[in-house]
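For reference, the chains in residue letters:
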Amino acid sequence: MLSKNPCIHEAILYEELPNKKVRCGVCERTCVILKGERGFCKTRENIDGKLFTLIYGDISSISANPIEKKPLFHFWPRSYALTIGSWSCNFTCPWCQNCGISKTAPNIRKSRYMSPEAFEKTMKANECVGSSISFNEPTLLLEYSLDVFDIVKEAGPYYNTYVTNMYMTEEALKLLIEHKCDAFAANMKGDAEVVKKYCGADVELVWRNLKLAKEMGAHVEVITLVIPTINDNEQILTEIATRIHEVLGKDTPWHCTRFHQAYKSRDLGLKEKTPISTLEKAYEIGKDAGLEYIYLGNVPGHEYENTYCPSCNELLIKRFIFDSQVFFKAKKRIDDVIYFEKRCPSCGKSIAIQGECILKEKTSFRL
Ligand code: SF4
Ligand code: SF4
(Lines give C-alpha, C1' and ligand atoms only; values in the text may rest on other atoms or scores of the structure.)
(Ligands and ions follow the chains in the order given, each with its own letter.)
Protein backbone atom coordinates (compact mmCIF):
# COMPACT_ATOMS: atom_id res chain seq x y z
CA MET A 1 0.00 0.00 0.00
CA LEU A 2 2.84 2.33 0.87
CA SER A 3 4.42 2.16 -2.56
CA LYS A 4 1.15 3.22 -4.23
CA ASN A 5 0.91 6.43 -2.25
CA PRO A 6 2.70 9.18 -4.23
CA CYS A 7 3.23 11.17 -1.02
CA ILE A 8 5.63 8.49 0.25
CA HIS A 9 8.87 9.30 -1.46
CA GLU A 10 12.46 8.39 -0.66
CA ALA A 11 14.20 11.26 1.13
CA ILE A 12 17.14 12.96 -0.54
CA LEU A 13 19.22 13.99 2.46
CA TYR A 14 19.97 11.16 4.82
CA GLU A 15 22.74 8.84 5.89
CA GLU A 16 22.44 5.10 6.37
CA LEU A 17 23.85 3.92 9.71
CA PRO A 18 24.59 0.44 11.13
CA ASN A 19 21.65 -1.75 12.21
CA LYS A 20 19.32 -0.16 9.65
CA LYS A 21 19.28 3.15 11.46
CA VAL A 22 19.32 6.40 9.45
CA ARG A 23 20.28 9.99 10.17
CA CYS A 24 18.03 12.64 8.55
CA GLY A 25 19.87 15.59 6.99
CA VAL A 26 16.95 17.92 6.26
CA CYS A 27 16.91 20.05 9.38
CA GLU A 28 19.30 20.76 12.20
CA ARG A 29 17.61 18.30 14.52
CA THR A 30 19.47 15.65 12.45
CA CYS A 31 17.32 12.89 13.96
CA VAL A 32 18.75 9.40 14.19
CA ILE A 33 15.76 7.17 13.37
CA LEU A 34 15.44 3.48 14.14
CA LYS A 35 13.91 1.04 11.65
CA GLY A 36 10.11 1.41 11.66
CA GLU A 37 10.16 4.73 13.51
CA ARG A 38 9.66 8.39 12.55
CA GLY A 39 11.76 11.47 13.26
CA PHE A 40 10.87 14.31 15.62
CA CYS A 41 8.58 15.98 13.05
CA LYS A 42 6.75 12.68 12.25
CA THR A 43 6.96 13.42 8.52
CA ARG A 44 9.90 11.07 7.85
CA GLU A 45 9.95 7.35 8.48
CA ASN A 46 12.68 4.73 8.42
CA ILE A 47 11.30 1.96 6.23
CA ASP A 48 13.66 -1.02 6.34
CA GLY A 49 16.80 1.07 6.68
CA LYS A 50 15.88 3.78 4.16
CA LEU A 51 14.38 7.17 4.93
CA PHE A 52 11.11 8.23 3.33
CA THR A 53 9.15 11.45 3.49
CA LEU A 54 5.44 10.81 4.03
CA ILE A 55 4.29 14.24 2.81
CA TYR A 56 5.63 14.64 -0.73
CA GLY A 57 2.84 16.78 -2.23
CA ASP A 58 0.42 16.05 0.65
CA ILE A 59 -1.28 19.43 0.74
CA SER A 60 -3.16 20.46 3.89
CA SER A 61 -3.95 24.01 2.73
CA ILE A 62 -3.86 25.97 -0.49
CA SER A 63 -4.71 29.56 -1.33
CA ALA A 64 -3.78 32.37 -3.67
CA ASN A 65 -2.27 35.04 -1.43
CA PRO A 66 -0.88 38.53 -1.92
CA ILE A 67 2.88 38.37 -1.53
CA GLU A 68 2.50 41.03 1.19
CA LYS A 69 0.77 38.39 3.34
CA LYS A 70 3.95 36.30 3.74
CA PRO A 71 4.98 39.04 4.70
CA LEU A 72 7.30 40.07 1.86
CA PHE A 73 6.92 43.83 1.29
CA HIS A 74 10.01 44.39 -0.86
CA PHE A 75 9.64 41.51 -3.29
CA TRP A 76 7.44 41.45 -6.40
CA PRO A 77 5.02 43.99 -4.87
CA ARG A 78 1.30 43.46 -5.40
CA SER A 79 1.65 40.01 -6.94
CA TYR A 80 -0.15 36.81 -5.96
CA ALA A 81 1.68 33.65 -4.91
CA LEU A 82 0.08 30.22 -4.95
CA THR A 83 0.60 29.20 -1.34
CA ILE A 84 0.56 25.69 0.06
CA GLY A 85 1.34 23.95 3.32
CA SER A 86 1.52 20.37 4.49
CA TRP A 87 1.74 18.96 8.03
CA SER A 88 3.81 19.24 11.20
CA CYS A 89 6.86 21.23 12.30
CA ASN A 90 10.36 20.79 13.67
CA PHE A 91 9.88 23.55 16.29
CA THR A 92 7.83 23.47 19.49
CA CYS A 93 6.54 27.08 19.77
CA PRO A 94 3.66 27.10 22.31
CA TRP A 95 2.16 30.19 20.63
CA CYS A 96 1.95 28.64 17.15
CA GLN A 97 -0.68 30.43 15.11
CA ASN A 98 -0.94 27.59 12.58
CA CYS A 99 -1.30 24.80 15.13
CA GLY A 100 -4.17 23.14 13.24
CA ILE A 101 -1.66 21.82 10.73
CA SER A 102 1.75 22.37 12.32
CA LYS A 103 0.94 20.25 15.37
CA THR A 104 -0.65 17.46 13.38
CA ALA A 105 1.30 14.47 12.09
CA PRO A 106 0.52 13.33 8.55
CA ASN A 107 -1.99 10.54 8.05
CA ILE A 108 -0.91 8.46 5.06
CA ARG A 109 -4.38 6.99 4.72
CA LYS A 110 -5.77 10.46 4.05
CA SER A 111 -3.02 11.98 1.90
CA ARG A 112 -4.23 14.68 -0.50
CA TYR A 113 -1.71 14.57 -3.31
CA MET A 114 -1.03 17.41 -5.71
CA SER A 115 1.70 16.77 -8.26
CA PRO A 116 4.26 19.53 -9.01
CA GLU A 117 2.74 19.71 -12.52
CA ALA A 118 -0.73 20.27 -11.04
CA PHE A 119 0.75 22.95 -8.77
CA GLU A 120 2.10 24.83 -11.75
CA LYS A 121 -1.21 24.59 -13.65
CA THR A 122 -3.15 25.81 -10.60
CA MET A 123 -0.72 28.66 -10.15
CA LYS A 124 -1.22 29.90 -13.70
CA ALA A 125 -5.00 29.35 -13.65
CA ASN A 126 -5.27 31.65 -10.64
CA GLU A 127 -3.09 34.44 -12.03
CA CYS A 128 -0.32 33.78 -9.55
CA VAL A 129 3.21 34.64 -10.63
CA GLY A 130 5.02 32.62 -8.00
CA SER A 131 4.99 29.89 -5.42
CA SER A 132 5.07 30.08 -1.66
CA ILE A 133 5.61 27.11 0.63
CA SER A 134 4.24 28.22 3.94
CA PHE A 135 1.70 27.64 6.78
CA ASN A 136 3.55 24.82 8.56
CA GLU A 137 7.35 24.56 8.31
CA PRO A 138 8.16 24.28 4.59
CA THR A 139 11.55 22.63 5.14
CA LEU A 140 9.68 19.41 5.87
CA LEU A 141 8.48 19.53 2.24
CA LEU A 142 12.04 19.77 0.94
CA GLU A 143 11.86 17.16 -1.84
CA TYR A 144 8.53 18.48 -3.13
CA SER A 145 9.70 22.10 -2.91
CA LEU A 146 12.69 21.38 -5.15
CA ASP A 147 10.52 19.72 -7.79
CA VAL A 148 7.91 22.51 -7.65
CA PHE A 149 10.58 25.21 -7.85
CA ASP A 150 12.14 23.59 -10.94
CA ILE A 151 8.79 23.39 -12.73
CA VAL A 152 7.78 26.93 -11.79
CA LYS A 153 11.06 28.31 -13.13
CA GLU A 154 10.84 26.30 -16.34
CA ALA A 155 7.34 27.69 -16.95
CA GLY A 156 8.34 31.34 -17.18
CA PRO A 157 9.47 34.41 -15.26
CA TYR A 158 7.95 33.26 -12.00
CA TYR A 159 9.34 33.30 -8.46
CA ASN A 160 9.62 30.86 -5.54
CA THR A 161 9.43 31.69 -1.84
CA TYR A 162 9.64 30.07 1.62
CA VAL A 163 8.02 31.25 4.86
CA THR A 164 10.22 29.51 7.36
CA ASN A 165 11.93 29.17 10.74
CA MET A 166 15.24 28.71 8.80
CA TYR A 167 16.26 25.60 10.72
CA MET A 168 17.21 23.54 7.67
CA THR A 169 20.73 22.10 7.36
CA GLU A 170 23.22 24.04 5.26
CA GLU A 171 22.98 21.33 2.64
CA ALA A 172 19.19 21.67 2.43
CA LEU A 173 19.42 25.45 2.24
CA LYS A 174 21.98 25.29 -0.57
CA LEU A 175 19.72 22.91 -2.50
CA LEU A 176 16.75 25.26 -2.10
CA ILE A 177 18.66 28.22 -3.45
CA GLU A 178 20.26 26.19 -6.24
CA HIS A 179 16.72 25.16 -7.23
CA LYS A 180 15.78 28.85 -7.33
CA CYS A 181 14.13 29.64 -4.05
CA ASP A 182 14.28 33.41 -4.58
CA ALA A 183 13.07 34.76 -1.25
CA PHE A 184 12.76 33.80 2.40
CA ALA A 185 10.30 35.32 4.86
CA ALA A 186 12.29 34.16 7.86
CA ASN A 187 11.19 34.08 11.48
CA MET A 188 13.57 35.23 14.20
CA LYS A 189 11.81 34.35 17.42
CA GLY A 190 14.12 35.74 20.09
CA ASP A 191 17.55 35.38 21.66
CA ALA A 192 19.37 32.13 22.37
CA GLU A 193 17.47 31.47 25.58
CA VAL A 194 13.98 32.05 24.12
CA VAL A 195 14.64 29.96 21.03
CA LYS A 196 16.12 27.12 23.10
CA LYS A 197 13.44 27.16 25.78
CA TYR A 198 10.32 27.53 23.66
CA CYS A 199 11.27 26.31 20.17
CA GLY A 200 13.81 23.65 21.15
CA ALA A 201 16.38 25.06 18.73
CA ASP A 202 19.78 26.77 18.48
CA VAL A 203 19.36 30.39 17.38
CA GLU A 204 22.94 30.56 16.05
CA LEU A 205 22.04 28.06 13.35
CA VAL A 206 19.15 30.29 12.28
CA TRP A 207 21.54 33.28 12.03
CA ARG A 208 24.03 31.11 10.11
CA ASN A 209 21.33 30.24 7.57
CA LEU A 210 20.12 33.81 7.20
CA LYS A 211 23.67 34.88 6.42
CA LEU A 212 24.19 32.06 3.94
CA ALA A 213 20.88 32.74 2.17
CA LYS A 214 21.82 36.39 1.75
CA GLU A 215 25.35 35.55 0.57
CA MET A 216 23.89 33.17 -2.01
CA GLY A 217 21.78 35.99 -3.44
CA ALA A 218 18.35 35.25 -1.99
CA HIS A 219 16.03 38.05 -0.88
CA VAL A 220 15.46 37.94 2.89
CA GLU A 221 12.90 39.66 5.11
CA VAL A 222 12.86 38.95 8.85
CA ILE A 223 9.74 38.53 10.97
CA THR A 224 9.51 38.69 14.75
CA LEU A 225 6.24 37.87 16.46
CA VAL A 226 6.53 40.17 19.46
CA ILE A 227 5.11 38.27 22.44
CA PRO A 228 4.51 39.94 25.80
CA THR A 229 6.91 38.71 28.54
CA ILE A 230 8.60 36.26 26.13
CA ASN A 231 10.63 38.34 23.68
CA ASP A 232 9.33 41.90 24.06
CA ASN A 233 12.09 43.31 26.25
CA GLU A 234 14.45 45.94 24.96
CA GLN A 235 17.53 43.75 25.21
CA ILE A 236 16.16 40.96 23.01
CA LEU A 237 14.65 43.30 20.41
CA THR A 238 17.86 45.33 20.27
CA GLU A 239 19.90 42.16 19.77
CA ILE A 240 17.67 41.06 16.88
CA ALA A 241 17.67 44.48 15.20
CA THR A 242 21.44 44.89 15.59
CA ARG A 243 22.18 41.46 14.17
CA ILE A 244 19.86 41.99 11.19
CA HIS A 245 21.87 45.13 10.43
CA GLU A 246 25.22 43.38 10.88
CA VAL A 247 24.46 40.07 9.18
CA LEU A 248 21.98 41.03 6.47
CA GLY A 249 22.35 44.76 5.94
CA LYS A 250 20.43 47.89 6.87
CA ASP A 251 18.03 47.62 3.93
CA THR A 252 16.67 44.26 5.15
CA PRO A 253 12.99 44.66 6.10
CA TRP A 254 12.10 43.72 9.70
CA HIS A 255 8.44 42.91 10.43
CA CYS A 256 7.40 43.15 14.08
CA THR A 257 4.03 41.46 14.26
CA ARG A 258 1.34 41.46 16.90
CA PHE A 259 0.75 38.33 18.98
CA HIS A 260 -2.73 37.04 19.68
CA GLN A 261 -3.64 34.02 21.71
CA ALA A 262 -3.16 30.65 20.01
CA TYR A 263 -2.39 27.00 20.76
CA LYS A 264 -0.86 26.71 24.26
CA SER A 265 -0.09 30.38 24.84
CA ARG A 266 -2.66 30.51 27.65
CA ASP A 267 -0.52 27.96 29.56
CA LEU A 268 2.23 30.60 29.55
CA GLY A 269 -0.16 33.11 31.08
CA LEU A 270 -0.45 34.95 27.76
CA LYS A 271 -3.96 36.33 27.51
CA GLU A 272 -3.62 39.73 25.91
CA LYS A 273 -2.56 40.85 22.46
CA THR A 274 0.76 42.66 22.21
CA PRO A 275 0.17 46.32 23.17
CA ILE A 276 0.53 48.70 20.24
CA SER A 277 2.97 50.72 22.35
CA THR A 278 5.28 47.67 22.59
CA LEU A 279 5.26 47.29 18.81
CA GLU A 280 5.99 50.98 18.39
CA LYS A 281 8.89 50.58 20.80
CA ALA A 282 10.21 47.74 18.63
CA TYR A 283 9.95 50.10 15.64
CA GLU A 284 12.06 52.70 17.44
CA ILE A 285 14.60 50.06 18.46
CA GLY A 286 14.91 49.03 14.81
CA LYS A 287 15.41 52.64 13.76
CA ASP A 288 18.04 53.18 16.48
CA ALA A 289 19.86 50.09 15.21
CA GLY A 290 20.03 51.70 11.77
CA LEU A 291 17.45 49.57 9.94
CA GLU A 292 15.76 51.35 7.05
CA TYR A 293 12.53 49.40 6.65
CA ILE A 294 10.64 48.36 9.76
CA TYR A 295 7.01 47.33 9.69
CA LEU A 296 4.35 46.56 12.24
CA GLY A 297 2.11 43.60 11.38
CA ASN A 298 -1.41 42.57 12.45
CA VAL A 299 -2.26 46.21 13.17
CA PRO A 300 -4.41 47.24 10.18
CA GLY A 301 -4.22 50.90 9.32
CA HIS A 302 -1.20 51.68 11.50
CA GLU A 303 1.14 54.22 9.92
CA TYR A 304 4.06 51.80 10.35
CA GLU A 305 2.51 49.38 7.84
CA ASN A 306 3.67 51.89 5.22
CA THR A 307 6.98 52.26 3.44
CA TYR A 308 8.78 55.57 3.95
CA CYS A 309 11.88 56.78 2.18
CA PRO A 310 14.82 56.05 4.52
CA SER A 311 16.50 59.23 3.39
CA CYS A 312 13.81 61.98 3.30
CA ASN A 313 10.98 60.10 5.12
CA GLU A 314 8.53 60.64 2.27
CA LEU A 315 5.56 58.26 2.39
CA LEU A 316 6.09 55.97 -0.60
CA ILE A 317 3.81 52.95 -0.30
CA LYS A 318 0.66 53.09 1.77
CA ARG A 319 -0.72 49.78 3.00
CA PHE A 320 -3.88 48.54 4.59
CA ILE A 321 -3.47 44.91 5.65
CA PHE A 322 -2.24 43.30 2.42
CA ASP A 323 -3.35 45.90 -0.04
CA SER A 324 -0.87 48.55 -1.02
CA GLN A 325 -0.72 51.60 -3.19
CA VAL A 326 1.82 54.21 -3.94
CA PHE A 327 1.24 57.47 -2.18
CA PHE A 328 2.91 60.69 -3.04
CA LYS A 329 1.80 64.25 -3.34
CA ALA A 330 2.46 64.39 -7.09
CA LYS A 331 0.72 61.38 -8.63
CA LYS A 332 2.17 61.55 -12.13
CA ARG A 333 4.22 58.48 -12.98
CA ILE A 334 4.65 57.67 -9.33
CA ASP A 335 3.97 53.95 -9.77
CA ASP A 336 6.74 53.88 -12.35
CA VAL A 337 9.20 55.77 -10.20
CA ILE A 338 8.72 53.76 -7.02
CA TYR A 339 8.00 50.31 -8.37
CA PHE A 340 9.90 50.24 -11.64
CA GLU A 341 12.75 52.71 -11.27
CA LYS A 342 12.82 51.80 -7.56
CA ARG A 343 13.74 55.18 -6.24
CA CYS A 344 12.12 57.86 -4.12
CA PRO A 345 10.31 60.42 -6.32
CA SER A 346 11.16 63.12 -3.79
CA CYS A 347 14.89 62.77 -3.14
CA GLY A 348 15.93 60.08 -5.62
CA LYS A 349 17.26 57.56 -3.07
CA SER A 350 17.10 54.03 -4.39
CA ILE A 351 14.49 51.85 -2.67
CA ALA A 352 15.29 48.20 -1.95
CA ILE A 353 12.65 46.35 -3.97
CA GLN A 354 13.34 43.04 -5.73
CA GLY A 355 11.45 41.73 -8.75
CA GLU A 356 8.71 43.23 -10.82
CA CYS A 357 5.59 45.00 -9.65
CA ILE A 358 2.11 43.74 -10.49
CA LEU A 359 -0.35 46.64 -10.46
CA LYS A 360 -3.51 44.92 -9.30
CA GLU A 361 -6.11 45.21 -6.58
CA LYS A 362 -6.04 42.07 -4.50
CA THR A 363 -7.60 40.04 -1.77
CA SER A 364 -6.57 36.60 -0.59
CA PHE A 365 -8.79 33.67 -1.54
CA ARG A 366 -8.89 29.98 -0.80
CA LEU A 367 -8.93 27.49 -3.66
S1 SF4 B 1 13.19 16.96 9.11
FE2 SF4 B 1 14.21 17.48 11.05
S3 SF4 B 1 12.78 16.89 12.65
FE4 SF4 B 1 12.13 15.86 10.76
S5 SF4 B 1 13.11 13.85 10.81
FE6 SF4 B 1 14.48 15.20 9.67
S7 SF4 B 1 15.91 16.02 11.19
FE8 SF4 B 1 14.16 15.15 12.33
S1 SF4 C 1 8.02 27.34 13.71
FE2 SF4 C 1 6.11 28.29 13.02
S3 SF4 C 1 4.81 26.55 12.39
FE4 SF4 C 1 6.46 25.73 13.66
S5 SF4 C 1 5.63 25.61 15.74
FE6 SF4 C 1 6.75 27.58 15.53
S7 SF4 C 1 5.19 29.07 14.92
FE8 SF4 C 1 4.32 27.01 14.53
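Residues numbered from 1 in each chain as written. Chains lettered and ligands numbered in written order. Predicted model: local features only at pLDDT ≥ 70, side-chain atom pairs only at ≥ 80, totals over all residues. Heavy atoms only, no water.

All right, on to the site of ligand 2 then. In the vicinity of ligand 2, the contacting residues are Cys89, Phe91, Cys93, Cys96, Ser102, Lys103, Asn165 and Lys189. The residue inventory of the shell around ligand 2, partitioned by class, reads 4 nonpolar, 2 polar and 2 charged. (Near = heavy atom within 4 Å. Nonpolar A, V, L, I, M, F, W, Y, C, P; charged D, E, K, R; others polar.)

Counting through the fold element by element, Thr278 comes out in helix 8 (residues 276–288). A residue is classified by how much of its surface remains accessible, and Thr278, at 14% relative accessible area, is buried. The contact partners of Thr278, leaving out residues within four places of it in the chain, are Val226 and Asp232. (Helix = DSSP H or I, 4+ residues; strand = E, 2+ residues; numbered from the N terminus. Buried < 20%, exposed > 50% of the residue type's maximum accessible area, 1.4 Å probe, protein only. Contact = heavy atoms within 4.5 Å.)

For ligand 1, the full set of nearby residues is Cys24, Val26, Cys27, Arg29, Thr30, Cys31, Gly39, Phe40, Cys41, Arg44 and Leu140. Residue composition of the shell around ligand 1, by class: 7 nonpolar, 2 polar and 2 charged.

Note: strands within a sheet are paired through backbone hydrogen bonds, in either parallel or antiparallel orientation. What the 3 strands build is an open sheet, ordered 1-6-5; its pairing is antiparallel. Each of the sheet's edge strands pairs with one partner strand only, and the pair in question is strand 1 (9–10) and strand 5 (44–47). (Pairing = 2+ DSSP bridges.)

Let us look at helix 8. For an α-helix, 3.6 residues make a turn, and residues three or four places apart therefore share a direction. An ideal rise of 1.5 Å per residue puts 18 Å on 13 residues; helix 8 measures up with 18 Å between its terminal C-alpha atoms. Buried within helix 8 are the following residues: Thr278, Leu279, Ala282, Tyr283, Ile285 and Gly286. Along helix 8, the residues classed as buried sweep out an arc of 160° about the axis, all on the same side. Summarising the geometry of helix 8, the exposed residues directed more than 90 degrees from the buried face are Ser277 and Asp288. Considering only its buried residues, helix 8 is in contact with strand 12 (219–226), helix 7 (234–248), strand 13 (254–258) and strand 14 (294–297). Gly290 lies just past helix 8 and shows a positive phi near 95°. (Expected span 1.5 Å × (residues − 1). Arc of directions from axis to C-beta.)

Strand order in the open sheet formed by 3 strands is 2-3-4, and the pairing between neighbours is antiparallel. Bordering the open sheet on either side are strand 2 (14–17) and strand 4 (32–33), each of which pairs with just one other strand. Taken together, the 4 bridges between strand 2 and strand 3 (residues 21–24) define a ladder with antiparallel strand orientation. Within strand 3, the residue paired with Glu16 across the bridge is Val22.

On the secondary structure map, Thr164 appears in strand 10 (residues 159–164). Among residues more than four places away in sequence, those in contact with Thr164 are Glu137, Pro138, Thr139, Phe184, Ala185, Ala186 and Asn187.

A word on the nonpolar core. Side chains that are nonpolar tend, in soluble globular proteins, to be buried together. Core analysis: the largest hydrophobic core is formed by 98 residues, its most contacted members being Trp95, Phe119, Tyr144, Met166, Phe184, Leu210 and Trp254. Mapping this core onto the domain boundaries places at least three of its residues in each of domain 1 (2–53) and domain 2 (61–295). Discounting chain neighbours no more than four positions away, the residues touching Trp254 are Val222, Thr224, Leu237, Ile240, Ala241, Ile244, Ala282, Gly286, Leu291, Tyr293, Ile294 and Tyr295. Residues Phe73, Tyr293, Ile338 and Ile351 belong to the second largest nonpolar core, which totals 12 residues. (Core = buried A, V, L, I, M, F, W, Y, C linked by side-chain atoms within 4.5 Å. Domains from an automatic or database assignment.)

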